[in-house]
Amino acid sequence: MTEKKTTAATRGPSDHTIRDQIVAAAMEYFSHYGFEKTTVSDLARSIGFSKAYIYKFFGSKQEIGEVICANCLTDITERLNAALEKSPSATEKIKQLFQTLAVAGCELFFRERRLYDIAAASSREHWPAAVQYEDSLREIVLAILRAGRTAGEFERKTPLDETAAAVYLVLRPLADPLQLQSSLDTAGEDASQLAALVIRSLAP
């Protein structure tokens, strides 16, 4: 995306009802025909709007996809945060972090396969929604590690930022749609084994 292009959040009229209508129709259309194969003209015909009218609200097909992607990733993040809040210790949070991301990602893949493709495209092309999602996961990892060190659950000799970066690298195959789709059949078991490995490496 070029610097001159405005974002979906700032472009066009402030009629959120119409914007929401376009996004909802796009979700349904993309879920049937896929994101890559759909053009703005296809979407406009399916809604009954003109192509020019859609461009009053969104600068491109990608901007529509970004809203959908952000919604999917927000759902996963909210589910993850809820699971972490119920975890009584940092060690348990590590387990929940790995397991929840694996389960939520797999469910999205099998429930909304075409929408999962949008998430994969956002990761591959580094859309803002995907970058923000990755940043939020890094912050979650960092917060868990800090809590674990404070509670005496995790070692303190390794610099915190190095440890957080390493844990995220282990976590990424479960968090990144591009990598997760290659191991869907074993994702749950993989999550348990990876979490156990991380927890052992963090032992004081």
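These figures come from a predicted structure and were not determined experimentally.

The relative placement of two packed helices is expressed as an angle between their axes plus a distance between the axes. In the contact formed by helix 5 (residues 90-111) and helix 10 (residues 187-202), the axes pass within 9 Å of each other and the chain directions differ by 155°. The pairing of helix 5 with helix 10 is recorded here as roughly antiparallel in orientation. Seen along the crossing, helix 5 lies across helix 10 with a hand that is right-handed. On helix 10, the residues that touch T91, I94, K95, F98, Q99, A102 and C106 of helix 5 are A187, G188, A191, S192, L194, A195, V198, I199 and L202.

This part is about the pattern of salt bridges. For the structure on display, the rule yields eight salt bridges. Close ionic contact of K95 with E92 constitutes a salt bridge, the shortest N to O distance being 3.3 Å. Of this pair, K95 and E92 both sit in helix 5, three residues apart, which is roughly one turn of that helix. Among the charged side chains, a network of salt bridges with common partners joins E134, R172 and D176.

This part is about the UniProt feature "DNA-binding region" (unreviewed entry) in the chain. The positions UniProt marks with the feature "DNA-binding region" (unreviewed entry) are residues 39-58. The straight-line gap between the two end C-alpha atoms of residues 39-58 is 13 Å; of that span, 60% is helix and 0% is strand.

Okay, unusual backbone geometry next. One non-glycine residue with positive phi stands out, namely H126, at about 60°. For H126, the location among the structural elements is in the loop between helix 6 (113-124) and helix 7 (128-150). Given a relative accessible area of 55%, H126 falls into the exposed group.

Moving on, we come to the domain arrangement of the chain. Parsing the chain into structural domains produces domain 1 (2-64) and domain 2 (68-201). Spacing between the C-alpha centres of domain 1 and domain 2 amounts to 30 Å. Listed as interface residues are 12 residues of domain 1 and, on the opposing side, 10 residues of domain 2. Both faces considered, domain 1 and domain 2 share a buried interface measuring about 900 Å² in area, 65% of it formed by carbon and sulfur atoms. A per-residue breakdown of the area domain 1 buries against domain 2 is headed by M27, F35 and Q62, which together make up 46% of the total. For the pair domain 1 and domain 2, the number of links is one salt bridge. Put simply, E36 and R124 hold a salt bridge, and the shortest N to O gap is 3.4 Å. Across the domain 1-domain 2 interface, the total number found is two residue pairs in polar contact (both at pLDDT 80 or more). Residue assignment for the side of domain 1 that touches domain 2 shows that the elements contributing at least two residues are helix 1 (16-33) and helix 4 (61-85). Ranked by the residues each element gives to the side of domain 1 that touches domain 2, the list is headed by helix 1, at seven residues. When grouped by side-chain class, the residues that make up the side of domain 1 that touches domain 2 number seven nonpolar, four polar and one charged.

What follows deals with the packing of aromatic side chains. One pass over the full model with this rule turns up five aromatic pairs. Judged by centre distance (4.6 Å) and plane angle (40°), the rings of Y29 and Y33 are tilted. On the criterion of helical spacing, the pair formed by Y29 and Y33 is a turn pair, its members being four residues apart in helix 1. Classification of Y33 by relative accessible area gives partly exposed; the value is 48%. Seen in terms of ring centroids, Y53 and F57 are 5.2 Å apart; in terms of plane orientation they differ by 70°. Their pairing is edge-to-face. For F57, a relative accessible area of 1% corresponds to the buried category. Taken together, the ring pairs in this structure connect F30, F35 and W127 into an aromatic cluster. Geometry around Y168 places R138 over its ring, the cationic atom sitting 4.3 Å from the centre.

Analysis parameters
Residues numbered from 1 in each chain as written. Predicted model: local features only at pLDDT ≥ 70, side-chain atom pairs only at ≥ 80, totals over all residues. Heavy atoms only, no water. Axes fitted to C-alpha atoms, helices over the stretch in contact; angles between N-to-C directions. Helix = DSSP H or I, 4+ residues; strand = E, 2+ residues; numbered from the N terminus. Parallel < 35°, antiparallel > 145°, perpendicular 65-115°, else oblique. Left-handed = near helix turned anticlockwise from the far one by under 90°. Contact = heavy atoms within 4.5 Å. Salt bridge = Lys/Arg side-chain N within 4 Å of Asp/Glu carboxyl O. UniProt positions renumbered as here; feature names shortened; annotations may be inferred. Buried < 20%, exposed > 50% of the residue type's maximum accessible area, 1.4 Å probe, protein only. Domains from an automatic or database assignment. Buried area = accessible area lost by both parts, 1.4 Å probe. Polar contact = N/O pair within 3.5 Å; in protein donor to acceptor, adjacent residues only side chain to side chain. Nonpolar A, V, L, I, M, F, W, Y, C, P; charged D, E, K, R; others polar. Phe/Tyr/Trp six-rings, centres within 6.5 Å; stacked < 30°, edge-to-face > 60°. Lys NZ or Arg CZ within 6 Å of the ring centre and 35° of its normal.

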